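# Notes for the structure review
Residue strings, one per chain:
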Amino acid sequence: MEKLTIVGRDEHPQKAPVDPESLVHRQLLGGDFWRKIPAYRDIDEATWLDHRWQSKHTIVKPDKLLDVVQELVTPGFIADAREGFHRAPMSLRVSPYLLSLIDWANAYEDPLRRQFIPLGSVLRPDHPKLDLDSLHEQADAPVPGLTHRYPDKALFLALDTCPVYCRFCTRSYAVGVDTDQVEKVSLKPTVDRWERAFEYIASRPELEDIVISGGDSYNLRAEHITTIGNRLLDLPNVRRMRFATKGPAVMPQKILTDDPWFAALAGVVERGRKLHKEVVLHTHFNHPTELTEITQRAMNRLFEAGVTVRNQSVLQRGVNDAPETMRLLIKRMSYLNVHAYYVYVHDLVKGVEDLRTTVGTAIELEKQVRGLTAGFNTPTFVVDAPGGGGKRDCHSFEHYNPETGISVYRSPNVNEAAFYCYFDPIDLLSAAGQQRWADPAEHELMLAEAIAAARARQR
Ligand SMILES: *Cc1c(COP(=O)(O)O)cnc(C)c1O
Ligand code: SF4
């Protein structure tokens, strides 16, 4: 009798154990790796782990940065970075820890360099559909620094500073100091402004979930963590809170040595637990190199204190858009008890077209990572729809035309009737697509075509 086979499926041989050496996600950078940077050659471990030392030696002046790496890079690179700084909308801020993780021998290609240090030679014109607050966070703010877009959750921007400044920052309209290119909206950490936000949250019984972000919770003083945490925990309607911070990815030392800050966070988490309310930490690793043995110790300390950590990555070209990189990132985070929650398709942000990639890339990557590990460690790939549509699963578009790079999403919980469009970067489109964008008269036409196609699908 003929054997029935399912097309495309092989017999499943028994799995052989893998070579432990191949489990590279467990091979974390350790030892005194920072000593290869001439400026840190004499820094001992205790000093390197001291968060005050890391903060004090964080670099904010382009000249200082170029000084530190001068012996490690070519004069051409220095000139290129100088031009990049001049044209960048984001201020510079790089921790010694981050600086020591960059492979300066390959400075052009290095995934961490790409995220923090702009180069004039790779800058591309912004997409014509870009505006500075593309997420409409300010338009959706009932009080300054509080965005209430979704029915039951709100985003509280407590302050406008961070331990480092990322080139790709969505909030480059507010975060950091003014640059040659952008004058920022001010979101100072003032108790007055915060009180207006708390009063608004108290006045909205439907609000159950508060994201405390900025800027970055790392830059909140310990007593501010306690004040904000307790004030929100005291509101009967608030059931869930997350402190958002890039910190663990750029200065894990703080978790290990800033005892008052750690105790404040652990205290709010603990008090929340007693009140049956969830308080967690959301962080922002983008590349597997950002997780070292120091990160492991920091994550272990959080885990022991019962603090859940989730991660939100930003998908960036040349940083984490290759399947093997994303797999390694997810596996390494899982190994350190960090849940991969979201991967954001890069927002439309000024001055970083070289970092954006396409919705098509995100869809393919998702396919490549799902099934790799536990479902709860597998991120959802989302587009934060420009115009205030909020996060949408990148697969859920009503229409996507890879030629024009326009995708159209609906977001019924935000606005039943609206269509929200996202735009792939033009330099990754086909020649035909690029040609259409080169002609301003085509822009509205392309948009109208996309919306019409989305509408047609609804009927
Ligand atoms: C991302 C975000 C939230 C939280 O959304 P989740 O999908 O629950 O992570 C809340 N408010 C705003 C405005 C946001 O951008
Ligand atoms: S840490 Fe977050 S808020 Fe701060 S610059 Fe980076 S992306 Fe922006």
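Notes on the structure in this doc start here. (Residues numbered from 1 in each chain as written. Chains lettered and ligands numbered in written order. Predicted model: local features only at pLDDT ≥ 70, side-chain atom pairs only at ≥ 80, totals over all residues. Heavy atoms only, no water.)

### A short note on the packing of aromatic side chains
All chains considered together, the criterion is met by 17 aromatic pairs. Measuring from ring centre to ring centre gives 5.4 Å for Phe33 and Trp34, while their planes differ by 80°; the resulting arrangement is edge-to-face. Note on Phe33: relative accessible area 7%, which makes it buried. Residue Trp34 is classed as buried on the basis of its relative accessible area of 1%. An aromatic cluster is present here, built from Phe33, Trp34, Tyr40, Trp48, Trp53 and Tyr97 joined pairwise through their rings. One Lys or Arg, Lys153, reaches over the ring of Tyr150 and ends 4.3 Å from the middle of that ring. The ring of Phe262 has Arg301 sitting right over it, with the charged end atom 3.9 Å from the ring centre. (Phe/Tyr/Trp six-rings, centres within 6.5 Å; stacked < 30°, edge-to-face > 60°. Buried < 20%, exposed > 50% of the residue type's maximum accessible area, 1.4 Å probe, protein only. Lys NZ or Arg CZ within 6 Å of the ring centre and 35° of its normal.)

### Let's talk about the nonpolar core
Core analysis: the largest hydrophobic core is formed by 122 residues, its most contacted members being Leu99, Trp104, Phe156, Ile212 and Met241. When residues of this core are assigned to their parent elements, the largest contribution, seven residues, is made by helix α11 (residues 259–274). Of all hydrophobic cores here, the second largest spans six residues; its members include Leu155, Tyr173, Leu187 and Val211. (Core = buried A, V, L, I, M, F, W, Y, C linked by side-chain atoms within 4.5 Å. Helix = DSSP H or I, 4+ residues; strand = E, 2+ residues; numbered from the N terminus.)

### Things to note about the environment of Ile406
Here Ile406 lies in strand β11 (residues 406–411). With residues near it in sequence (within four places) discarded, Ile406 still touches His399, Tyr400, Asn401, Cys421, Tyr422, Phe423, Trp437, Met446, Leu447 and Ala450. (Contact = heavy atoms within 4.5 Å.)

### Quick look at the pattern of salt bridges
One pass over the full model with this rule turns up 30 salt bridges. With a shortest N-O distance of 3.4 Å, Arg240 and Glu208 are connected by a salt bridge. Here the residue Arg240 occupies a position in strand β4 (residues 240–244), and Glu208 occupies one in the loop between α7 (191–203) and β3 (209–213), the gap between them amounting to 32 residues. The partly exposed category is assigned to Arg240, whose relative accessible area is 27%. In this structure Glu208 comes out as partly exposed when scored by relative accessible area, which is 30%. Across the pair Lys274 and Glu270 runs a salt bridge, and its minimum N-O distance is 3.1 Å. Taken together, the positions of Lys274 and Glu270, both in helix α11 and four residues apart, correspond to about one turn of that helix. Of the residues examined, Lys274 reaches a relative accessible area of 60% and is grouped as exposed. (Salt bridge = Lys/Arg side-chain N within 4 Å of Asp/Glu carboxyl O.)

### Some remarks on the site of ligand 1
What surrounds ligand 1 is the set Thr147, Arg149, Tyr150, Lys153, Leu155, Val211, Arg242, Tyr341, Tyr342 and Lys391. Measuring from an oxygen atom of ligand 1, one finds a side-chain N or O atom of Lys153 at 2.8 Å. Contacts to ligand 1 include Arg242, whose side-chain N or O atom sits 2.7 Å from an oxygen atom. Burial of ligand 1 by the protein chains amounts to 92% of its free accessible area of 380 Å². When residues of the shell around ligand 1 are traced back to their parent elements, those giving at least two are β2 (153–157) and β7 (338–345). Residue classes in the shell around ligand 1 are distributed as five nonpolar, one polar and four charged. (Near = heavy atom within 4 Å. Polar contact = N/O pair within 3.5 Å; in protein donor to acceptor, adjacent residues only side chain to side chain. Areas by Shrake-Rupley, 256 points an atom, 1.4 Å probe, with all protein chains shown as cover. Nonpolar A, V, L, I, M, F, W, Y, C, P; charged D, E, K, R; others polar.)

### Digging into the pairing of strand β5 (residues 278–283)
Across the six residues that make up β5, a large majority, five, are buried. As paired elements, β4 and β5 share five bridges and run parallel to each other. Each residue of the ladder has a partner; that of Arg240, found in β5, is Glu278. Of the strand pairs in this sheet, β5 and strand β6 (residues 309–315) are connected by three bridges, and their pairing is parallel. Pairing of His282 across the sheet is with Arg310, part of β6. (Pairing = 2+ DSSP bridges.)

### Quick look at unusual backbone geometry
Of note, the bond from Gly214 into Gly215 is cis; its omega dihedral lies within 30 degrees of zero at 25°. Structurally, the position occupied by Gly215 is in the loop between β3 and α8 (222–233). Despite not being glycine, His276 has its phi angle at roughly 60°, a positive value. Positionally, His276 belongs in the loop between α11 and β5.

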